[in-house]
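# Coordinate analysis (summary)
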Amino acid sequence: MTITRKTSAFVLTLALLAGPALAENPMVGGAAMFETKNIVENAVNSKDHTTLVAAVKAAGLVDALQGAGPFTVFAPVNDAFAALPAGTVETLLKPENKDMLVKILTAHVVAGNFTTAEMAKKAKASKDGYFNMTTLSGDFLSAKMKGNSLYIYDESGKAGKVTISDVAQSNGVIQVVNKVLLPK
């Protein structure tokens, strides 16, 4: 088969048009994230989320986060957990504190599939500049644009910056954040 200039131009045009659809999911914690895998299947491969994965396992939330969803998970990195007061993570991982751990973790999960573009659009369209969301724990998170970055605020007004956005999963989307978002 001979490739002509017309054929090359056609193939190039198709590639350019399909580009966004073929865009790869971002790497997270040095690992490829696959749209065909669920939230837990991808998160266990991220070197930046070992504390979160351990907490999800200790809280007994693995099955829930492997469910159909869709879920938007605001996933704190290891450094976010390390920034908590000394001993906090170790205390939360104790069996007697499971209820508190479940509450904190489910305060990072919203039902639905929210991209950063969608959250930013809704925040900009609101009167106060915030897009408010109810988490699975019944607590609230709010998204707000600051410059070109999206921040997620917890009920205490503390904010985590979305550092890696729109990591597509088979059952939702992960938004990587640099802070642990705490319910009141």
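Going by the structure above, here's the rest.
These notes cover the structure that comes with them. Note that the structure is a prediction, hence the values are computed from the model and not measured. (Residues numbered from 1 in each chain as written. Predicted model: local features only at pLDDT ≥ 70, side-chain atom pairs only at ≥ 80, totals over all residues. Heavy atoms only, no water.)

### Re the nonpolar core
The tendency in soluble globular proteins is for nonpolar side chains to be buried side by side. In plain terms, the rule: Definition used in this section: a nonpolar core is a set of buried Ala, Val, Leu, Ile, Met, Phe, Trp, Tyr and Cys residues joined via side-chain atoms within 4.5 Å. Partly exposed residues are those whose accessible area sits between 20% and 50% of the maximum for their type, while under 20% is buried and over 50% is exposed, using a 1.4 Å probe and protein chains only. Only DSSP runs of H or I covering at least 4 residues are called helices, and only runs of E covering at least 2 are called strands; the numbering of each starts at the N terminus. When checking whether two residues touch, look at their non-hydrogen atoms; a contact exists if any pair is within 4.5 Å.
Counting residues in hydrophobic clusters, the biggest one holds 27 residues, and the most contacted among them are V73, L105 and I174. Residue assignment for this core shows that the elements contributing at least two residues are α2 (39-43), α3 (50-59), β1 (71-76), α5 (78-82), α6 (88-92), α7 (98-106) and β7 (172-177). It is α3 that contributes the most residues to this core, four residues altogether. Leaving out residues up to four positions away in the same chain, V73 has contacts with I39, L65, H108, V109, V173, I174 and Q175. Residues F131, M133, A143 and V177 belong to the second largest nonpolar core, which totals 14 residues.

### So, the sheet that holds strand β4 (residues 140-146)
Picture the strands of a sheet paired through backbone hydrogen bonds; they go either parallel or antiparallel. What counts here: Pairing between two strands is assigned when DSSP locates at least 2 bridges connecting them. Interaxial angle, 0 to 180 degrees, is taken between N-to-C directions of lines fitted to C-alpha atoms, where a helix line uses only the stretch in contact.
Taken together, the seven strands give an open sheet; going across it, the order is β2-β1-β7-β6-β5-β4-β3, and neighbouring strands pair in mixed fashion. Only two strands of the sheet have a single neighbouring strand rather than two, namely β2 (109-111) and β3 (131-134). Neighbour-to-neighbour, the strand axes of this sheet turn through a mean angle of 30°, independent of strand direction. With three bridges joining them, strand β5 (residues 149-153) and strand β6 (residues 159-169) adopt antiparallel strand pairing. Among the inter-strand pairings, I152 is bridged to a residue of β6, identified as G160.

### Structural notes on the pairing of β5
In terms of burial, β5 is a largely internal element, five of the five residues being buried. Every second residue of β5 is oriented toward a common face, with S149, Y151 and Y153 on one face and L150 and I152 on the other, all of them buried. Across five bridges, the pairing between β4 and β5 is antiparallel. Counted as the bridge partner of M145 is L150 from β5. Counted between consecutive antiparallel strands, the loop separating β4 from β5 contains two residues, among which G147 sits at a positive phi close to 65°.

### Description of unusual backbone geometry
Here the residue pair G69 and P70 is connected by a cis peptide bond, since its omega of 5° sits within 30 degrees of zero. Within the element layout of this structure, P70 appears in the loop between α4 (62-65) and β1. Unlike most non-glycine residues, D166 shows phi in positive territory, near 55°. Assignment of secondary structure puts D166 in strand β6.

### Points about the pattern of salt bridges
Definition in use: Within this document, salt bridges are pairs made up of a side-chain nitrogen of Lys or Arg and a carboxyl oxygen of Asp or Glu, the two lying within 4 Å of each other.
If you walk through the whole model with that rule in mind, you get two salt bridges. Measuring nitrogen to oxygen at the nearest pair gives 2.7 Å for the salt bridge that ties K103 to D139. Of this pair, K103 sits in helix α7 while D139 is found in the loop between β3 and β4, placing the two residues 36 residues apart along the sequence. With a shortest N-O distance of 3.6 Å, E118 and K122 are connected by a salt bridge. Taken together, the positions of E118 and K122, both in helix α8 (residues 116-125) and four residues apart, correspond to about one turn of that helix. Judged by its relative accessible area of 38%, K122 falls in the partly exposed class.

### With respect to the pairing of β7
With six of six residues buried, β7 lies mostly within the body of the structure. On β7, burial covers both faces: G172, I174 and V176 on one face and V173, Q175 and V177 on the other are all buried. In this sheet, β7 lies alongside β1 in parallel orientation, the contact comprising six bridges. From the neighbouring strand, T72 faces β7, where its bridge partner is V173. Linking two consecutive strands that pair antiparallel, namely β6 and β7, is a turn of two residues.

### Quick look at α3
Convention followed: Working note: the arc is built from the helix axis to C-beta atom directions.
The complete set of buried residues in α3 reads L52, V53, A55, V56 and A59. Buried residues of α3, seen end-on, are gathered within an arc of 160° and therefore sit on one face of the element. Here the buried face of α3 lies against α2, α4, β1, α5 and α7. G60 lies just past α3 and shows a positive phi near 70°.

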